[in-house]
Amino acid sequence: MPHNKIVFVLLVLYWFDAIGSSAIALPKDSLKANSSSVLDCSKFKNDYDILQQFPFPIIINPIEQIFNQSTATMHENDTFVETIFIREEKVVPSSVFCLLKLHTLHIETTPFENGIVPDSLANLKQLRYFWVYDSAIVKITERLEQLLDLSMLTMRNCSLSHLPKFNKLKNLWSIDISRNQFSKLEGIPAVLMVSLQDNRFTEIPTLETPEKLAYLEMSNNPLRNVQSISSYINLKSISLRSATLTSIPSDINQLQKLQTLDLSNNKLSEIPDSLIKMPALEMLNITNNMFTTKYIQAIEKKFKASLPNAEIIT
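These numbers come from a predicted model, not from an experiment.

Caption draft 1: Summary view of the pairing of strand β3 (residues 71-74). Of the two faces of β3, both are covered, the one formed by Thr-71 and Thr-73 as well as the one formed by Ala-72 and Met-74. Where strand β2 (residues 59-60) meets β3, 2 bridges bridge the pair, whose relative direction is parallel. Bridge pairing in β3 places Ile-59 opposite Thr-71. Pairing of β3 with strand β4 (residues 81-87) involves 4 bridges; the strand directions are antiparallel. Residue pairing in the sheet places Met-74 in a bridge with Val-81 of β4.

Caption draft 2: View of the state of the cysteines. One pass over the full model with this rule turns up 1 disulfide. Through a disulfide, Cys-41 is tied to Cys-98; the S-S separation comes to 1.9 Å. Linking Cys-41 and Cys-98, the disulfide has an S-S dihedral of approximately -80° and is accordingly described as left-handed. Of this pair, Cys-41 sits in the loop between β1 (24-25) and α2 (47-51) while Cys-98 sits in the loop between β4 and β5 (104-108), and the two are 57 residues apart along the sequence. Classification of Cys-41 as partly exposed rests on a relative accessible area of 25%. Taking relative accessible area as the criterion, Cys-98 reaches 4% and is therefore assigned buried.

Caption draft 3: Fine view of the pairing of strand β9 (residues 152-156). In terms of burial, β9 is a largely internal element, 4 of the 5 residues being buried. Pairing of strand β7 (residues 129-133) with β9, which is carried by 5 bridges, proceeds in the parallel orientation. Paired with Tyr-133 across the bridge in β9 is Arg-156. As judged from the 3 bridges shared by β9 and strand β10 (residues 174-176), these two strands associate in the parallel manner. When the sheet's bridge partners are listed, Met-152 is paired in β10 with Ser-174.

Caption draft 4: The nonpolar core, seen in detail. Core analysis: the largest hydrophobic core is formed by 84 residues, its most contacted members being Ile-84, Phe-130 and Leu-240. Secondary-structure elements contributing two or more residues to this core are α2, β3, β4, β5, β7, β9 and α3 (293-306). Not counting chain neighbours up to four residues away, the residues in contact with Ile-84 comprise Leu-51, Phe-54, Ile-58, Thr-71, Ala-72, Val-96, Leu-99, Leu-102, Thr-104, Leu-105 and His-106.

Caption draft 5: The arrangement of unusual backbone geometry in detail. With a phi close to 60°, Arg-179 is a non-glycine residue in the positive phi region. Under the relative-accessibility criterion, Arg-179 is labelled partly exposed at 43%. Phi is positive for Asn-265, which is not a glycine, with a value near 60°. Mapped onto the elements of the fold, Asn-265 is located in the loop between β14 (260-262) and β15 (283-285).

About the thresholds
Residues numbered from 1 in each chain as written. Predicted model: local features only at pLDDT ≥ 70, side-chain atom pairs only at ≥ 80, totals over all residues. Heavy atoms only, no water. Buried < 20%, exposed > 50% of the residue type's maximum accessible area, 1.4 Å probe, protein only. Helix = DSSP H or I, 4+ residues; strand = E, 2+ residues; numbered from the N terminus. Pairing = 2+ DSSP bridges. Disulfide = S-S within 2.5 Å. Core = buried A, V, L, I, M, F, W, Y, C linked by side-chain atoms within 4.5 Å. Contact = heavy atoms within 4.5 Å.

Written out as structure tokens, the structure reads:
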């Protein structure tokens with residue numbers, strides 16, 4: 001099974017493993033907003049007490065997936081919150097950062113106070129998955145790098161143009177900052193998967209350890225060139241769809257492990273012959289470019305001769 005499919009399956013299995021066997025809805029009338037401007041976690045007796053301070057109802061241990069309400073999943077010993085999903089609420093409650101053993105924080109269409117991911121994020125020392133979708137953010141705390149157990153970071157469609165350095169996060173293997181305003185990246189640790197689609201990159205950024213990267217998504221960026229691509233020698237998949245490309249570097253054949261390459265919806269009139277000789281290539285998509293019919297026929301003929309088992313989409 002391809003690695004990306006394995007990752008998807010594991011995440012799905014993780015979700016089903018996380019949900020509990022009983023559901024409890026905290027009464028809306030009993031919920032109180034945390035009015036304190038300074039986060040004081042010592043005032044809470046336990047994680048249930050923290051949840052009661054949320055200014056919205058939350059379902060505890062749902063017996064099935066719930067996509068339109070906020071939920072919390074307790075650890076099997078029922079003593080602490082393991083997973084929080086906050087969906088379409090007025091604000092992310094500051095008390096969520098008192099859930100000290102939390103390992104998954106998933107936020108959808110809910111703003112942080114003043115648009116800032118606060119310093120108190122660093123309280124979540126055991127956080128492994130931090131996912132934020134469709135939430136406008138103007139600043140992320142520099143203490144992000146203190147989340148040493150973090151393995152997946154997603155900040156999708158958050159209007160971001162800057163991330164603090166987090167090269168100390170050695171357990172991080174996936175970064176998704178799609179649909180933001182990024183034009184450059186700095187201080188990115190060695191990771192396996194990076195998604196940068198729908199941003200403002202004019203070139204492929206260079207990571208600290210490019211040889212570790214296996215999956216790169218760069219679609220819908222105004223790329224001027226992709227010369228640095230040859231440094232990612234262990235890439236298995238890359239998407240450069242709709243990236244305004246007019247050429248591909250001839251040394252792309254240094255990517256000897258590349259299996260899938262999407263060059264669709266660009267301005268290419270030719271591709272280097274070296275591309276057709278890449279031994280691991282299984283799929284090449286070159287639809288909606290500027291190739292002539294005669295040129296496409298020639299490419300297909302070369303593909304059939306060099307890589308008979310590979311699929312070329314024209």
